[in-house]
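Structural characterization, general
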Amino acid sequence: MVTENTSFSWDSDDSWTMSYQGLINRLSQEERDLYEIKHAAVEFYRVNRVPEAIERALTELFFQKPGDVHGYLANYFTNLSAPPRISRLKGREVYDSRGQLTIEAEVFCIICNKEQSMSTAAISSHFGPKEASLDWKAQSKERDDHVMTAVQWINEPLNKMLKDQNPCDQSEVDLILSNFFMASYLSVKDIRNREKEESCSPSESYVVLPSPPPAQTKDKKSVDKGKKSNTAEKLFRPPEPPEPVLLGSLAIGSVSLALAKTGAQIQGIPLYKYIAALQNREAQTQFHIPVSLVTLLSCGKTSLGKLNLLEEVILIPKAGQRVKEIITMTLELQKEMMRMMNTSTKAGATQAILCDSGALAVTYERPEQPLDLITEACSNLGLALGTEIHMAVNCAAPELMDYSKGKYEIATGVLKSPDELVDMYQALISKYPAVVALIDPFRREDPDQWEKLGNVIGDSCSLLSDITYKPQAPPLPGVRGHILKHMNETTVSDLIRITSDQQGAVLMGITCNEPCSDDSLSDMAVGLGLHYVKLGGPSGAERMTKYNQLISIEEELAQQGMLVSKEKHPPPLFPEKPQEQSAAAECTA
């Protein structure tokens, strides 16, 4: 029997083995089993250095003398626990801000030997170019296929591939996600190529593609009221083939964002600080809040009036203004515009409704009318339009091309050639100098007009291009900045790379198909160090959630003494003027 007086020999392994075997032989079976358990426990504790850890914990506990003794010990041993590992992923169908199906990704990790749900994420969805030939049932079926494939990707292949991975190694998990997407893309491409070869007869050397359908108009009648030209029209460039959207691609971006949120939670820091650390490879000590570009009016194809050209008229607030002040000013400006429209001012609007962008959709016929409305409303409120606050216009011109005529239908029945559109933009900017940026004034297929417009407007107005669907495409001439949205297969690492490669030239934007409650875009914009963020109008849960998050981040940084305010607007919206450059050079000299 083992007693306190039982002696052991620790002089050597051989002597210990002999003493141990002799002792075992003298014990009963029950005592022998108990002794074996105790011996295994001692060996387990020794190998895992448990006695040393307990001794250190008790020593520190004594000197610290915390109020919550057991809470202190729990935190102490939690810090010694094994790093969290991904245990599984879960994909589910949810509804976006427009009531359409999308997906949400959830990440589970093993922490302190227990599985925990760490985070969920959903990003914007885009399922390829809108086909006029597809009715709503066909479009709904296409969306369902995308969503179901994405859910299957998350719950099966991605779940297996990311199991036991470190959720804090963002570059590694994003590489796994990107490699899986590329393999799937190449596989689908190979299948389509084989099907195409089998469907073509051996004598066919090429296939003539049908012309794209004419742009949809608000009225059935459509006549060219634009300027008539006696000279022959320039050769019209056909549209570039759209980037294919792979079924299931939405899973990649959603899982990547969910893992970034998981990493931030594990490290106990806000998502924006986690993103900044990923980008800069170290903890950042100062942050600035991107300037909020707020959509005021919408006069695009979905509005009630004849005007198509001004998809969004966007307010650019003065530099250094707090987010809460920007939202308050915008709401006051919207109320004033509503009052003016209700009293039938010279602006001439007949009715207004809230559109998908969260702005007022108004019925106009000419592009000057919404700009006149904003100018008059700013004057009534004492806002210095053109000095302290400015405007940007999202033209969304690629959606206005009538391919049957080779012209842009800027309003119902009013068509303009690319060169005529250059002249119209130049006249508009001359009349409204407060407009300092045009977004997508042409298609990508009209580079000559991009360059021509950039030359004639000079530094008075910046040209911006949305690169969401073609991030790898070569830059267009005359373009100073780009709009980027987080959607589909775009990972967090992709966003970091793109914004790092084009420092100061990328603005983060949102789409109409936004998750209702996810505010991660605000954290992303701050963490990436962007100068501007375009979140839409000040209405709707999907947008106000993001604005509220920006306000929360701004207040938190101010309390921590980490907030830096910009005294003037940085590029790309406000390029440095030549006289300022020469003055800076003289000061340096």
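Residues numbered from 1 in each chain as written. Predicted model: local features only at pLDDT ≥ 70, side-chain atom pairs only at ≥ 80, totals over all residues. Heavy atoms only, no water.

**Focus: the pattern of salt bridges**
Inspection of the entire model under this criterion finds 21 salt bridges. With its nearest N and O atoms 2.5 Å apart, the salt bridge here joins Glu-43 to Arg-46. In this pair, Glu-43 and Arg-46 both sit in helix 2 (residues 29–47), three residues apart, roughly one turn of the helix. Between Arg-497 and Asp-494 there is a salt bridge whose closest N-O contact spans 3.9 Å. With a gap of three residues between them, Arg-497 and Asp-494 both fall in helix 13 (residues 492–501), about one helical turn apart. With a relative accessible area of 36%, Arg-497 lands in the partly exposed category. Residue Asp-494 is classed as buried on the basis of its relative accessible area, which comes to 19%. Residues participating in the shared-partner salt-bridge network are Arg-92, Glu-104 and Glu-106. (Salt bridge = Lys/Arg side-chain N within 4 Å of Asp/Glu carboxyl O. Helix = DSSP H or I, 4+ residues; strand = E, 2+ residues; numbered from the N terminus. Buried < 20%, exposed > 50% of the residue type's maximum accessible area, 1.4 Å probe, protein only.)

**Focus: the pairing of strand 13 (residues 462–466)**
Where burial is concerned, most of strand 13 is hidden: four out of the five residues are buried. Pairing of strand 12 (residues 435–439) with strand 13, which is carried by three bridges, proceeds in the parallel orientation. From the neighbouring strand, Ile-439 faces strand 13, where its bridge partner is Leu-464. (Pairing = 2+ DSSP bridges.)

**What to know about the packing of aromatic side chains**
Evaluated as defined, the whole model comprises nine aromatic pairs. Aromatic side chains Tyr-76 and Phe-77 sit 5.4 Å apart centroid to centroid with 85° between the ring planes, which places their arrangement in the edge-to-face category. Since its relative accessible area comes to 14%, Tyr-76 is described here as buried. Here a set of aromatic residues connected by ring pairs shows up, and it is made of Tyr-408, Tyr-425, Phe-442 and Trp-450. A cation over an aromatic ring shows up here: Lys-65 above the ring of Phe-62, its NZ or CZ 3.8 Å from the ring centre. A cation over an aromatic ring shows up here: Arg-88 above the ring of Phe-108, its NZ or CZ 3.8 Å from the ring centre. (Phe/Tyr/Trp six-rings, centres within 6.5 Å; stacked < 30°, edge-to-face > 60°. Lys NZ or Arg CZ within 6 Å of the ring centre and 35° of its normal.)

**So, the pairing of strand 14 (residues 479–484)**
Extensive coverage of strand 14 is indicated by the burial of five of its six residues. The sheet contact formed by strand 13 and strand 14 spans four bridges and is parallel. Following the sheet pairing, Asp-466 is matched in strand 14 by Ile-483.

**Some points on the packing of helix 5 (residues 136–162) against helix 6 (residues 170–199)**
In the contact formed by helix 5 and helix 6, the axes pass within 11 Å of each other and the chain directions differ by 130°. In terms of their interaxial angle, helix 5 and helix 6 are classed as oblique. Read as a crossing pair, helix 5 and helix 6 show a hand that is right-handed. Touching Trp-153, Pro-157, Leu-158, Met-161 and Leu-162 of helix 5 are Val-173, Ile-176, Leu-177, Phe-180, Phe-181 and Ser-184, all from helix 6. Taken together, the residues of the contact of helix 5 with helix 6 break down into 10 nonpolar, one polar and no charged. (Axes fitted to C-alpha atoms, helices over the stretch in contact; angles between N-to-C directions. Parallel < 35°, antiparallel > 145°, perpendicular 65-115°, else oblique. Left-handed = near helix turned anticlockwise from the far one by under 90°. Contact = heavy atoms within 4.5 Å. Nonpolar A, V, L, I, M, F, W, Y, C, P; charged D, E, K, R; others polar.)

**Section: the packing of helix 7 (residues 250–267) against helix 8 (residues 271–280)**
Put simply, helix 7 and helix 8 touch, their axes get as near as 9 Å, and they point 105° apart. Here helix 7 lies roughly perpendicular to helix 8, going by the angle between them. Residues Ala-260, Lys-261, Gly-263, Ala-264 and Gln-267 of helix 7 form the contact with helix 8, whose participating residues are Leu-271, Tyr-274 and Ile-275.

**Some remarks on the sheet that holds strand 1 (residues 85–95)**
As summarised here, the arrangement of the three strands in space is 1-2-3, forming an open sheet in which the pairing is antiparallel. Because the sheet does not close on itself, it has two edges, and the strands there are strand 1 and strand 3 (114–121). The average undirected angle you get between the axes of adjacent strands in this sheet is 25°. As judged from the 10 bridges shared by strand 1 and strand 2 (residues 101–111), these two strands associate in the antiparallel manner. Paired with Arg-85 across the strands is Ile-110, a residue of strand 2. Running at roughly 170° to strand 1, helix 5 makes contact with strand 1 and strand 2 of the sheet.

**Quick look at helix 15 (residues 541–559)**
Between its terminal C-alpha atoms helix 15 stretches 27 Å, which fits the 27 Å expected from 19 residues at 1.5 Å a residue. Within helix 15, burial applies to Glu-542, Arg-543, Lys-546, Tyr-547, Gln-549, Leu-550, Ile-551, Ile-553, Glu-554 and Leu-557. Contacts from the buried residues of helix 15 go to helix 8, strand 4 (291–299), helix 9 (323–342), helix 14 (520–527) and strand 16 (532–536). Of the residues flanking the end of helix 15, it is Gly-561, one or two places downstream, whose phi is positive at about 70°. (Expected span 1.5 Å × (residues − 1).)

**Structural notes on the sheet that holds strand 10 (residues 407–411)**
Reading across the sheet, the three strands line up as 9-10-11 and stay open at both edges, with antiparallel pairing between neighbours. Each of the sheet's edge strands pairs with one partner strand only, and the pair in question is strand 9 (401–402) and strand 11 (414–416). Relative to strand 11, strand 10 is paired through three bridges, and the arrangement is antiparallel. Considered in strand 11, the bridge of Ala-411 is made with Val-414.

**Comments concerning a nonpolar patch on the surface**
Taken together, the side chains of Ile-54, Leu-58, Phe-77 and Leu-80 define a hydrophobic patch exposed on the protein surface, amounting to about 350 Å² of accessible area. With respect to the helices and strands, the residue Leu-80 is situated in the loop between helix 4 (69–79) and strand 1. (Patch = residues over 30% accessible without salt bridge, like charges linked within 9 Å, V, L, I, M, F, W, Y side chains within 5 Å. Areas by Shrake-Rupley, 256 points an atom, 1.4 Å probe, with all protein chains shown as cover.)

**Comments concerning the confidence of the model for the chain**
Keep in mind that low pLDDT regions are not for reading the predicted coordinates in detail. Averaged over all residues, the pLDDT of the chain equals 83, while 82% of them reach at least 70. Mean pLDDT across the secondary structure elements of the chain bottoms out at helix 16 (residues 578–588), with 41, and peaks at helix 7, with 96. Segment residues 220–233: pLDDT under 50, and 20 contacts once partners within four positions in sequence are set aside and those in other chains are kept. Under a pLDDT of 50 for its full length, residues 578–589 has, in the predicted model, three contacts with residues more than four places off or in other chains. (pLDDT = per-residue confidence, 0-100.)

**A look at the nonpolar core**
Residues Leu-158, Leu-162 and Val-255 are the most contacted members of the largest nonpolar core, which totals 67 residues. Considering every element that reaches this core, the biggest residue donor is helix 7, with nine residues. In this view, Leu-162 contacts Ile-86, Leu-89, Val-173, Ile-176, Leu-177, Val-255 and Leu-259; residues no more than four positions away in its chain are not counted. One finds Met-340, Leu-428, Leu-453 and Cys-461 within the second-largest nonpolar core, a separate group that totals 51 residues. (Core = buried A, V, L, I, M, F, W, Y, C linked by side-chain atoms within 4.5 Å.)

**Looking at unusual backbone geometry**
Even without being glycine, Arg-49 reaches a positive phi, approximately 55°. With respect to the helices, strands and loops of the structure, Arg-49 is situated in the loop between helix 2 and helix 3 (50–64). For Asp-440, which is not a glycine, the phi torsion comes out positive at approximately 50°. Looking at the secondary structure, you find Asp-440 in the loop between strand 12 and helix 12 (447–457). For Asp-440, a relative accessible area of 12% corresponds to the buried category.

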